[in-house]
Structure formats: C-alpha cells, structure tokens
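This is what each chain is made of:
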Amino acid sequence: MPAPDSKQPRRIVVANQKGGVGKTTTAVNLATALASRKRVLLIDLDPQGNASTSLGLPRSERGAGTYAALLGSHPLPDLLRATKIPNLSVLPADSDLAGAEIEMVDLPEREFRLSVCLERAADALATYDHILVDCPPSLGLLTLNALVAADSVLVPLQTEFFALEGVSALTRTIERVRGNLNPKLALEGIVLTMFDRRNNLSVAVAADVRAHFKDKVFQTVIPRNIRITEAPSHGLPVLLYDIRSAGALAYIELAAEFLRRERRLARV
Ligand code: ADP
Ligand code: MG
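Worth saying up front: this structure is predicted, and the values here are computed from it rather than measured. (Residues numbered from 1 in each chain as written. Chains lettered and ligands numbered in written order. Predicted model: local features only at pLDDT ≥ 70, side-chain atom pairs only at ≥ 80, totals over all residues. Heavy atoms only, no water.)

## Brief notes about the site of ligand 1
Short version of the rule: Put simply, a residue is near a molecule or strand once any heavy atom of it comes within 4 Å of that molecule or strand. By the criterion applied in these results, polar contacts are pairs of N or O atoms within 3.5 Å in which, for protein atoms, one can donate a hydrogen and the other can accept it, and in which residues neighboring in sequence qualify only through two side-chain atoms. A run of H or I in DSSP becomes a helix once it reaches four residues, and a run of E becomes a strand once it reaches two; helices and strands are each numbered from the N terminus. Three classes are used, and their members are as follows: Ala, Val, Leu, Ile, Met, Phe, Trp, Tyr, Cys and Pro are nonpolar, Asp, Glu, Lys and Arg are charged, and the others, Gly among them, are polar.
Within the structure, ligand 1 sits among 14 residues, and Gly20, Thr24, Thr25, Pro223 and Asn225 are positioned closest to it. Take Thr24: an N or O atom from its side chain is 2.9 Å from an oxygen atom of ligand 1. Only α1 (23-34) and α11 (226-230) provide two or more residues apiece to the shell around ligand 1. Of the residues belonging to the shell around ligand 1, the class tally is five nonpolar, seven polar and two charged.

Have a look at this one:
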C-alpha cells in the first residue's frame, strides 16, 4: 500500500489493436520528450519488445521484465532499468511475455495482474510523474490488463483508409472496461500518425477523425518521416537519433501539448 500522502504517477496506456499504426513509436518518443521535464517510466507490454529495443535494450540484454512482474516472480521495482535518457526508465518485455497471454488465463484476477503489481510497487513508483504502457496489437489479456490499470488511453491512429473502422472495436472495449473493470478510465486523446500532407487520402482521413472525435484529437500531427523509421535499428528514440528531424520535432510538440492538456484537466 502506498503511503497516504504519496502522489502517484498518471498511467497512460498507448493502445490500438491494429499493428503498425505507431503505438510503439509514440510511446517511446512521447516518453523521451516528456522525460526532459518529468520523470517517466515506460512499460513494454508487447511481447515483440520493440519499445525495449528502441530504448537500447536488445533482446539479448533484457533479462526479466514485464512477464516476471505480471506472473509475480519478481517485485516490479527490481525489474526497472535505466535508459540512456535521464529521467526515463523502462520495464522491458522479456522473451517469456509471449506466453503470458495464455498463462494468465488460469490465474486469479487475471485482468488485474498489472494493476495489482503497480499498487504493490506504489512507494517505489511515487518517484515518477508518468507511466506510459506500450501495448501489443490486439485486444487480448495483456491490453486488457493495461486498460484496467490505466488512468487513460492514448490512441495512435494512422491516417489511412480503415483508420476509423479499427477504432470502433477499441472504443467498444474501452466502454466495456469502464462498465465493469475500471470506471475511471478516460480517453486521453487520439494522435494522428504517419500523416502525409501531399496525400489526399491522408488529409481526408485526418479531417474525418477530427469531425468524429472533435477535441479528443491532438492538434499535433505526426508526419511520415524516414528518420522515425530508421531510429529503432540504432536502439534510439528519434529524439536522440536526429533531434532536428520533422519526426522528432513533432513528438516534442506532442509532449508539450500533452502537458498543456494535462494542466487544463487538473484545473477543472
Ligand atoms: P505499432 O507499435 O503500432 O505496431 P510502430 O510504432 O512499431 O507501430 O510503427 C510501425 C512501423 O512504422 C515501424 O517500422 C516504425 O518505425 C514506422 N513508423 C512509425 N511512425 C512513423 C512515422 N511517423 N513515419 C515513418 N515511419 C513510422
Ligand atoms: Mg508496437
């Protein structure tokens, strides 16, 4: 149990059941940009471990991580790792995480494993301002655990034809989680990713998403940018790989907007 006066970090889950929409890129680079002003923990909940790789932890160097925490074999604080970025730690995805989805099915309170881990570690986690969770591309038990443990969901949406169609399954899941497992779960917002302003379809989809979700959509749009694609293979967030790239600048702007919105919410 946390000390009664300890301030807990806000927990923001980056989710979308579609793969390749920019979840990991957004989780890693938003976390990196936030870390210039805040203390941030990134939890890698995707068995592919791309967030861990992007933060300089290749598979061979990861050791125990999210799986060990969820299955309860290690206390979560023992599993946290520093990154090259000051004020940014990571709970890496261990190689066993792929099995967790199946193994957790038979465990008691299977939807609450992450939530319980975080509560137990509350004292150690009170040093953070934000916890970001990178989810796998599915609405399975891992993503469900993240949604149950979260204060809010951030949804990256690729500006392409089926963008809105994919998001309705996610909004239904969010409503279901709100209905019975986590009533306080909020929608942090939608981030348009891989935007190409020369592409009419990209522009039309962005307009459609804004018409539908209104001010839930971040003003900041992440452009399609080659530096973003290159950065992970160097084990770096794009902010460290090429700080002047359009991709890095967009994520810095996204973090600033994120903090502005958060301050506005805190006031009301
Ligand atoms: P997800 O986590 O949703 O599966 P990723 O963040 O891994 O998606 O992105 C999928 C691929 O697209 C990765 O190779 C990533 O480097 C690339 N990518 C993501 N965002 C952009 C962008 N804005 N511009 C160019 N490439 C991007
Ligand atoms: Mg990913």
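There is more to say, and it comes next.
## Regarding the packing of α1 against helix α13 (residues 246-267)
Angle between the axes and distance between the axes are the two parameters that describe a pair of packed helices. Test applied: Between the N-to-C directions of two axes lies an angle of 0 to 180 degrees, each axis being a line fitted to C-alpha atoms and, for a helix, fitted only over the stretch in contact. Roughly parallel covers angles under 35 degrees, roughly antiparallel covers those over 145, roughly perpendicular covers 65 to 115, and oblique covers all other angles. It only takes one pair of heavy atoms within 4.5 Å for two residues to be counted as in contact.
Contact pair α1 / α13: the axes reach a minimum separation of 8 Å and the direction vectors enclose 70°. Here α1 lies roughly perpendicular to α13, going by the angle between them. Two secondary-structure elements touch here, α1 through Thr25, Thr26, Asn29, Leu30, Ala33 and Leu34 and α13 through Tyr251, Ile252, Leu254, Ala255, Phe258 and Leu259.

## Points about the environment of Ser245
Definition in use: Accessible area is worked out with a 1.4 Å probe on protein chains only. A residue is then buried under 20% of its type maximum, exposed over 50%, and partly exposed in between.
Tracing the backbone through its elements, the reader meets Ser245 in the loop between α12 (238-241) and α13. Given a relative accessible area of 5%, Ser245 falls into the buried group. In this structure, Ser245 is in contact with Asn225, Arg227 and Val238, ignoring residues within four places of it in sequence. Within the local environment of Ser245, its side chain forms a polar contact with the backbone nitrogen of Ala248, the two atoms lying 3.2 Å apart.

## Notes on a nonpolar patch on the surface
Where we set the bar: Only residues above 30% relative accessible area that lack a salt bridge enter a patch, with like-charged residues linked at up to 9 Å and the nonpolar side chains Val, Leu, Ile, Met, Phe, Trp and Tyr linked at up to 5 Å. Here the accessible surface of atoms and residues is derived via Shrake-Rupley with a 1.4 Å probe, and residues count as covered only by protein chains that are part of the display. Should a side-chain nitrogen of Lys or Arg be within 4 Å of a carboxyl oxygen of Asp or Glu, the pair is scored as a salt bridge.
Residues Phe161, Phe162 and Leu201 make up a contiguous nonpolar surface patch of roughly 330 Å² in combined accessible area. Assessed through its relative accessible area of 60%, Phe161 is described here as exposed.

## Focus on the pairing of strand β4 (residues 88-91)
We apply this condition: A pair of strands is labelled paired if DSSP reports no fewer than 2 bridges between them.
Alternating positions in β4 separate into two faces, Leu88 and Val90 on one and Ser89 and Leu91 on the other, with burial throughout. Examined bridge by bridge, strand β2 (residues 40-44) and β4 share four bridges and lie parallel to one another. Counted as the bridge partner of Ile43 is Leu91 from β4. The loop that links strand β3 (residues 81-82) with its antiparallel partner β4 comprises five residues; one of these, Asn87, has a positive phi angle of about 70°.

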